[in-house]
Amino acid sequence: MTNSTLPTANEAWGFYGATGAFADADAAWAIAFPAVLAATEGTAEGVRDFLDSRHGRHFADDVHNGIHAGLDLTAAIEAAIVRWMGWTINRETARKIAMPKGLPYLKGFVLYFSLQAQSA
């Protein structure tokens, strides 16, 4: 496993696909990937798989909301990271993804996808 920026494996959907509707998807990926990696201390594979997932699409929606509120792309991504790190995994989600209840939401999902990538 590496900790460098990996390209998307899902250009049509996930964060990359959803971001293309309101910003340059390549630029957004280049900003979001290392920022999420640093915030979560996950693996590059886990970050890529998170961003490529339906959760990544919802993360992109949050970034879009920040841009709509007047933030630039970098600030919108940072605001989304702060928001997602402020939420915590609840009991139901903890059971579904086998992550501890109370873990920051973003960190929990990146860790989940990191473990999935390791076991593949």
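Everything here concerns the structure above.
Residues numbered from 1 in each chain as written. Predicted model: local features only at pLDDT ≥ 70, side-chain atom pairs only at ≥ 80, totals over all residues. Heavy atoms only, no water.

S.K.: Any details on the packing of aromatic side chains? Residues and values, ideally.
M.R.: Applying the stated criterion across every chain yields a total of twelve aromatic pairs. Ring plane angle 80° and centroid distance 5.4 Å describe the contact between F59 and W84, whose orientation is recorded as edge-to-face. Taken together, the residues F59 in helix α4 (residues 54–68) and W84 in helix α5 (residues 73–86) connect sequence positions 25 residues apart. For F59, a relative accessible area of 0% gives the class buried. W84 sits in the buried class, given a relative accessible area of 4%. Residues W84 and Y105 carry aromatic rings whose centres are separated by 5.6 Å and whose planes lie at 65° to one another, so their mutual orientation is edge-to-face. With W84 in helix α5 and Y105 in helix α7 (residues 105–119), the pair connects residues that are 21 residues apart, well separated along the chain. Comparing W84 with Y105 shows no difference in burial state: the two are buried. The rings of F15, Y16, W29, F33, F50, F59, W84, W87, Y105 and F109 are connected pair by pair, giving a single aromatic cluster. (Phe/Tyr/Trp six-rings, centres within 6.5 Å; stacked < 30°, edge-to-face > 60°. Helix = DSSP H or I, 4+ residues; strand = E, 2+ residues; numbered from the N terminus. Buried < 20%, exposed > 50% of the residue type's maximum accessible area, 1.4 Å probe, protein only.)

S.K.: So what about helix α2 (residues 25–40)? Which residues, and what values?
M.R.: The periodicity of an α-helix, 3.6 residues per turn, causes residues three or four positions apart to be oriented the same way. For α2, spanning 16 residues, the distance from its first C-alpha to its last is 21 Å, which sits close to the expected 22 Å at 1.5 Å a residue. Residues of α2 that are buried in the fold lie against α1 (14–19), α3 (44–52), α4, α5 and α7. Two or three places before D26, at the start of α2, stands the capping residue D24, its side-chain oxygen 3.0 Å from that residue's backbone nitrogen. A positive backbone phi angle near 60° is found at E41, which sits one or two residues after α2. (Expected span 1.5 Å × (residues − 1). Contact = heavy atoms within 4.5 Å. Polar contact = N/O pair within 3.5 Å; in protein donor to acceptor, adjacent residues only side chain to side chain.)

S.K.: Got a sec to walk through the nonpolar core? Specific residues and values, please.
M.R.: Counting residues in each nonpolar core, the largest one holds 35 residues, and the members touching the most others are F15, F33, F50, L51, F59 and V63. Secondary-structure elements contributing two or more residues to this core are α1, α2, α3, α4, α5, α6 (91–97) and α7. When neighbours within four sequence positions are excluded, L51 is seen to be in contact with G14, F15, W29, F33, G56, R57 and F59. (Core = buried A, V, L, I, M, F, W, Y, C linked by side-chain atoms within 4.5 Å.)

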